[in-house]
Every structure is written in structure tokens, then in C-alpha cells.
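Breakdown of the fold
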Amino acid sequence: VAAARNESVPHVFFSDWATVTLPEKHRFPMDKYRLVREELQADAAVRGALDFSRAPLAPLPAVERVHDPAYANGLLDASVSDADMRAIGFPFSVDQVRRSFASTGGTLAATHYALQQRRRSARGRARGGRRRGGDDQFAPTAGAHTAGGTHHAFAARGEGFCVFNDIAVAATTALEEYADVVQRVLVVDCDVHQGNGTAAIFAHEPRVATFDMYADANWPWQSRAPADVEVALADGTRDEEYLTSLREALPMLFRDYDPQLVIFQAGVDALDQDSMGRLSLTRGGLLQRNNLVYSACIDARAALVVCMGGGYARPIGPSVEAHADVYRALALRYEAVARELEGNARSQK
């Protein structure tokens, strides 16, 4: 991973290099990942504030920390059943398997980046004599992935366009490999669909808290698994009600769970133009949502990982813009933090 200019500047991984050709008229907008990346790379406002790298494939041992080896290997050796692939919503192909490992690998790489930077920030502050104990020893750090957020994948099966649960793989890896800087993880899932797979995987893991804001009348219905904290929203919920609920929930979550790592599933399918959403948020409302999450992480000095989640406007343009806003806001907020930290460091010399 290339080093960023400052430990508070986010690094973005992209996995759209793992291309898949879907059948004609398939409803999944596969092109949106490339379109979001291209939108960001062409945006002068965030040039230099985001670094981009190609996502690696997730290692099989990392995937198997969460997923049943029989399920993972069934995909690798093409023995997965047609019924399992129908539940996922994609036809089986070698390209689709590669994409699934790349999509998980991008979120995992973003996690490694954010937590390696978190380690460095603690060591740097200790060398500089600025260690004060608690989370004050850490600088806010962030990694991001312009895909992922596959929260419907369970340990032994997938559904809802989700093959592997990248959020769960990332959280589990963080707790296993970065125990010195992460003892608790908070998943903030703002996709319009309830994050059933993530909630089920961590139902008995006290080190991972799951928070979910979703449209209550929307899919999934039969396979729903309750998160630790939920806000189930009525059809047609608009910006004010949504943002009020989030403003009330975030302080409680950070107080009660005290996370060192936050994984933000930043789906934009709550947008009023979304074809699968049932909520009525505006692009501006979603942008406020993003900044509320970022502010909470910065204030708590928690490491942050951002993954994309759903967005299904038809045509796809409004979803692409709302997705790009997630990463634009991340870049601008964390660039401002970097400048502030650099100024503070200079004033202490």
C-alpha cells in the first residue's frame, strides 16, 4: 500500500478491475463501481486528498475466519449449487468468484491500511512524548473501498447480491491481527436493506456491535436477523426524521460500545430516486448522514473503514453521484483533520 501524505488522509481501494458480464437486462448495476471511481478520480476538489490502489484478492484463510470452508471452496471448485446461486442473485462464473474475492479484499485492504496507520500514530505520539492514554494517543485514520458492503452474506450461504460478507471478514481480521489497537468494532449499516448476514454472524460476538438503519417494509423479510441496535424506518421517511434518528443514536453507540474501529456500510439506496429503496432521502440528506458518521469517528479518534453498499437508481446516475459524495466528504473531512494535526504538531515544537 502506498503511503499517504499524512496518517489522517484516507486511502481508497477499488475492485472494479474484477469485471463480470451479467446477462442482458439483469437488474444489478455492475458498472456503478467503475463509474464512481472515475467520477472521484476526475474530481479536482478531492485530487490529492484521496489515494487510490487496486484491491487485492482476499486470502482464503481470512475469508474462512468467517465463512464455512465448504461454502467458500464450493465457489472455488464450482460445486456450489444452482439454488445457492439463485439465492445470491448472480449466475455462477469464474469471473464472479474472482470478483467476490476482490470485493472482500478491497474492504480488507482498507482495514489493514486504517489500522496500520492507527498503530503508527500511537507510536509516533509516544516517541514525541505526547502519549496521554486512552484514545487521545491515536489520530483519526480512515481507509475506504469503492465496493463491498455485502451485508446479506451469512457464514455458510449468500443472498441478495452478496457472496462473502466483507464487513465480517474485515472486523474479524481486525480483532485477530490488531488486538493492540482494536478491542471493539462498531458496524454502522445505513443501507436501506436490513443487514441480516452481518447481524447473524456477530450475534454472539460481544466485541462487535451492529447498528442498522433500514426501511422496515423492505426486503429481507424471512431471513432477517436483528442487529444489536436498530432503527426501523417507515416507508417514505424523509431527511429530517432520518437525520434526527441518526443524531440520537450515534452518541449512544459510541458511549455504550466505545469502538476503536468503525465499519460504515454507506449504501445510498435510501435515496428517493432509488428503485429498491422505499425511503425518500435527498442527496443532501445523505451527505449530512455521511458527515454525522465521520464526525462521530473523528471525535472518538476511532479508525474508520468505509464500504459502498447499495444504490439502484434507474438510470444509475443519481446513485453514482450519491456514492461519490460518500468518498468526497470523507476526503474533505479527513484532509481538514490532517491540516489541524499538522498545525498542532508545529505549534508544539
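Before reading further, recall that the structure is shown in the block above.
In this text the structure is predicted, and so the values were computed from the model without any measurement. Per chain, residues are indexed from 1 in the order of the written sequence. In view of the model being predicted, local features appear only for residues whose pLDDT reaches at least 70, and side-chain atom pairs are presented and counted only at 80 or more, with totals across whole chains, interfaces and linings using the full set of residues. Processing note: side-chain calculations cover all non-hydrogen atoms of the structure and skip hydrogens and water entirely.

Describing empty space enclosed by the protein
Residues are said to line a cavity or pocket when one of their atoms sits within 4 Å of a point; the points come from a 1 Å grid over protein atoms alone, cavities being sets where a 1.4 Å probe fits but cannot get out and pockets being open sets with protein on both sides within 12 Å along at least five of seven lines. Grid points are joined across faces, edges and corners, and a volume is the space filled by probe spheres set on the points. Throughout the structure, instances matching the rule amount to 1 cavity of 30 Å³ or more. Space inside the largest cavity adds up to approximately 30 Å³. Looking at the largest cavity, the residues that line it are Val187, Asp189, Gly195, Thr198, Ala199, Thr210, Phe211 and Asp212. Strands here are runs of E lasting at least two residues and helices are runs of H or I lasting at least four, both read from the DSSP assignment and numbered beginning at the N terminus. Looking at the lining of the largest cavity, the element that brings in the most residues is strand β5 (residues 208–215), giving 3 residues. Gly is put with the polar residues, along with every residue not named as nonpolar or charged; the nonpolar set is Ala, Val, Leu, Ile, Met, Phe, Trp, Tyr, Cys and Pro, and the charged set is Asp, Glu, Lys and Arg. Classifying every residue of the lining of the largest cavity by side-chain character gives 3 nonpolar, 3 polar and 2 charged.

What to know about the packing of helix α8 (residues 239–257) against helix α9 (residues 283–300)
Axis lines are fitted through C-alpha atoms, for helices just across the contact stretch, and the angle between N-to-C directions can take any value from 0 to 180 degrees. Two elements in contact, α8 and α9, have axes separated by 10 Å at closest approach and are oriented at 10°. Taken together, the axis directions place α8 and α9 in an arrangement best described as roughly parallel. Across the interface between the two elements, Asp239, Tyr242, Leu243, Leu246, Arg247, Leu250 and Phe254 from α8 touch Gly285, Gln288, Arg289, Leu292, Val293, Ala296, Cys297 and Ala300 from α9. Its residues assigned to classes, the contact of α8 with α9 shows 10 nonpolar, 2 polar and 3 charged. Orientation is classified from the angle alone, with under 35 degrees giving roughly parallel, over 145 giving roughly antiparallel, 65 to 115 giving roughly perpendicular, and any other angle giving oblique. Residues are treated as being in contact if the distance between any of their heavy atoms lies within 4.5 Å.

Regarding the pairing of strand β1 (residues 11–14)
Any residue under 20% of the maximum accessible area for its type is buried, any over 50% is exposed, and the rest in between are partly exposed; the area is computed with a 1.4 Å probe on protein chains only. Of the two faces of β1, the one lined by His11 and Phe13 and the one lined by Val12 and Phe14 are each fully buried. Pairing between strands is defined by DSSP: at least two bridges between the two strands are required. The pairing of β1 with strand β2 (residues 51–54) spans 4 bridges and is parallel. Pairing of phenylalanine 13 across the sheet is with serine 53, part of β2. The handedness rule is simple: strands pointing away from the viewer, and a clockwise path from the first strand over the helix to the second, make the crossover right-handed. Note on the crossover from β1 through helix α1 (residues 32–41) to β2: the handedness is right-handed. As judged from the 3 bridges shared by β1 and strand β3 (residues 142–145), these two strands associate in the parallel manner. Opposite histidine 11, over in β3, you have glycine 143 as the bridge partner.

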